[in-house]
Amino acid sequence: DAKTTQPPSMDCAEGRAANLPCNHSTISGNEYVYWYRQIHSQGPQYIIHGLKNNETNEMASLIITEDRKSSTLILPHATLRDTAVYYCIVRSNNDMRFGAGTRLTVKP
Amino acid sequence: GAVVSQHPSWVICKSGTSVKIECRSLDFQATTMFWYRQFPKQSLMLMATSNEGSKATYEQGVEKDKFLINHASLTLSTLTVTSAHPEDSSFYICSAYRGQAFYSGNTIYFGEGSWLTVV
């Protein structure tokens, strides 16, 4: 699986959009980009995934650059409950392997 | 969406005893399930891949005789920590994807996790 690079931490004001970047410069053609988040003491929660096109669901939007070497997860209106560790994972194999992620803190 | 459930949510056991953690897919069949371990302030580490009806595949450094995995049905995988010691205390998490055929766009869903404390 391609390695991903994320900032270790980010802050966001409540009600504002949270934009979480992820670099995956070694991604190959059949590898999907997945985003999960983990709230303290819980299992990871699936957010969104994509291959080439931008994706949107009820939780977030995923913007993937045209060369697919980076992506951004957008939480349009962050709330305090969005405080969590966000993991960007590039996957081609059967399993899912986690990096260190970004600790997002949403502040009032 | 798909739901993966673990039981128990937390367990305390004495050193030297064995403890079993169950992972169930509640609304889908899962040919393959995965087990992870997470220590405080660290990321999830894949321990093993559990395949229905066959032996699990363990990651390098994970003792297969200590962490016994059984995947007896399409909706249940169990992880048994044998002869548990305090250093085995951790957060154990399972995951699964729907269906039998793998492709990398098939979403993996995670259980709520199980806290194990060995005293």
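In every chain, residue numbers begin from 1 and rise along the written sequence. Throughout, the order in which chains and ligands are written sets their labels, letters from A for the former and numbers from 1 for the latter. Local features in this predicted model are restricted to residues of pLDDT 70 or higher, and side-chain atom pairs are both shown and tallied only at a pLDDT of 80 or more, whereas totals for entire chains, interfaces and linings draw on every residue. For side-chain calculations, the full set of non-hydrogen atoms in the structure is used, while hydrogens and water are omitted.

**Student:** Explain the overall build of chain B here, please?
**Tutor:** Secondary structure counts use DSSP, requiring at least four H or I residues in a row for a helix and at least two E residues in a row for a strand, with both numbered from the N terminus. Regarding its fold elements, chain B presents 0 helices and 11 strands. From first element to last, N terminus to C terminus, chain B shows the α and β order β-β-β-β-β-β-β-β-β-β-β. In terms of overall dimensions, chain B has C-alpha extents of about 40 × 25 × 25 Å along its principal axes. Type-normalised accessible area, obtained with a 1.4 Å probe on protein chains alone, sets the label of each residue: buried when under 20%, exposed when over 50%, and partly exposed for intermediate values. Per-residue burial over chain B gives 52% buried out of 119 residues. Contacts between residues were defined by any pair of non-hydrogen atoms, one from each residue, lying within 4.5 Å. Across chain B, the fraction of contacts at a sequence separation of at least 24, relative to all contacts at a separation of at least 6, is 56%. In the structure as shown, chain B presents an accessible area of about 5800 Å², 53% of it carried by carbon and sulfur atoms. Shrake-Rupley sampling with a 1.4 Å probe provides the accessible areas, and residues are treated as covered by the protein chains on show and by no other component.

**Student:** Is there a simple way to explain the packing of aromatic side chains in this structure?
**Tutor:** Both the distance between ring centres and the angle between the ring planes are used here to describe each pair of aromatic rings. Working definition: rings of Phe, Tyr and Trp (its six-membered ring) pair if their centres are within 6.5 Å, and the pair is stacked with planes under 30 degrees apart, edge-to-face with planes over 60 apart, and tilted otherwise. Applying the stated criterion to the full structure yields 13 aromatic pairs over all chains. Taking the centre distance of 5.5 Å and the plane angle of 50° together, the rings of Y36(B) and F110(B) count as tilted. Residue Y36(B) is located in strand 4 (residues 32-38), and its partner F110(B) is located in strand 10 (residues 108-110); the two are separated by 74 residues in the primary sequence. Among the aromatic residues, those joined into a cluster by ring pairs are Y32(A), Y34(A), Y36(A), Y46(A), Y87(A), F98(A), Y36(B), Y109(B) and F110(B).

**Student:** Hey, could you run me through the pairing of strand 6 (residues 61-64) of chain A in this one?
**Tutor:** The two faces of the sheet receive side chains in turn, since in a regular strand these alternate between them. Residues and elements named next belong to chain A. Whether two strands pair depends on DSSP finding at least two bridges between them. As defined by bridge partners, strand 5 (residues 55-56) adjoins strand 6 across 2 bridges and the pair is classed as antiparallel. Paired with E55 across the strands is L62, a residue of strand 6. Connecting the antiparallel pair strand 5 and strand 6 is a turn made up of 4 residues.

**Student:** How should I be thinking about the nonpolar core in this particular structure?
**Tutor:** One broad rule of soluble globular proteins: the nonpolar side chains tend to lie buried together. Counting residues in each nonpolar core, the largest one holds 24 residues, and the members touching the most others are W35(B), F67(B), Y92(B) and L116(B). At the level of elements, strand 2 (10-13), strand 3 (19-25), strand 4, strand 5 (45-51), strand 7 (67-73), strand 8 (76-81), strand 9 (90-97) and strand 11 (114-118) of chain B are the ones that each hand at least two residues to this core. Beyond its immediate stretch of four places on either side in the chain, Y92(B) contacts Q6(B), I21(B), Y36(B), R37(B), M47(B), F67(B), L79(B), G113(B), S114(B) and L116(B). Here the nonpolar core consists of buried residues drawn from Ala, Val, Leu, Ile, Met, Phe, Trp, Tyr and Cys, with membership extended through side-chain atoms lying within 4.5 Å. Core analysis: the next-biggest nonpolar cluster, separate from the first, contains 21 residues, V33(A), L75(A), Y86(A) and V90(A) among them.

**Student:** Just checking my understanding: could you explain the sheet that holds strand 7 of chain B for this structure?
**Tutor:** Pairing between sheet strands relies on hydrogen bonds along the backbone, with the strands arranged either parallel or antiparallel. All names here are of chain B. Judged by pairing direction, the sheet is antiparallel, and its 4 strands sit side by side in the order 1-3-8-7 without closing on themselves. With one partner strand each, in any of the chains shown, strand 1 (4-7) and strand 7 form the two edges of the open sheet. If you compare each strand with its neighbour and ignore which way they point, the axes differ by 20° on average. Every axis in this analysis is a line fitted to C-alpha atoms, fitted for helices over the stretch in contact. Angles between the N-to-C directions lie between 0 and 180 degrees.

**Student:** In this structure, what is going on with the sheet that holds strand 2 (residues 18-23) of chain A? I would like to understand it.
**Tutor:** Strand order in the open sheet formed by 4 strands is 2-7-6-5 (chain A), with antiparallel pairing between adjacent strands. With partners counted over all chains shown, the strands left at the sheet margins are strand 2 and strand 5 of chain A, one partner each.

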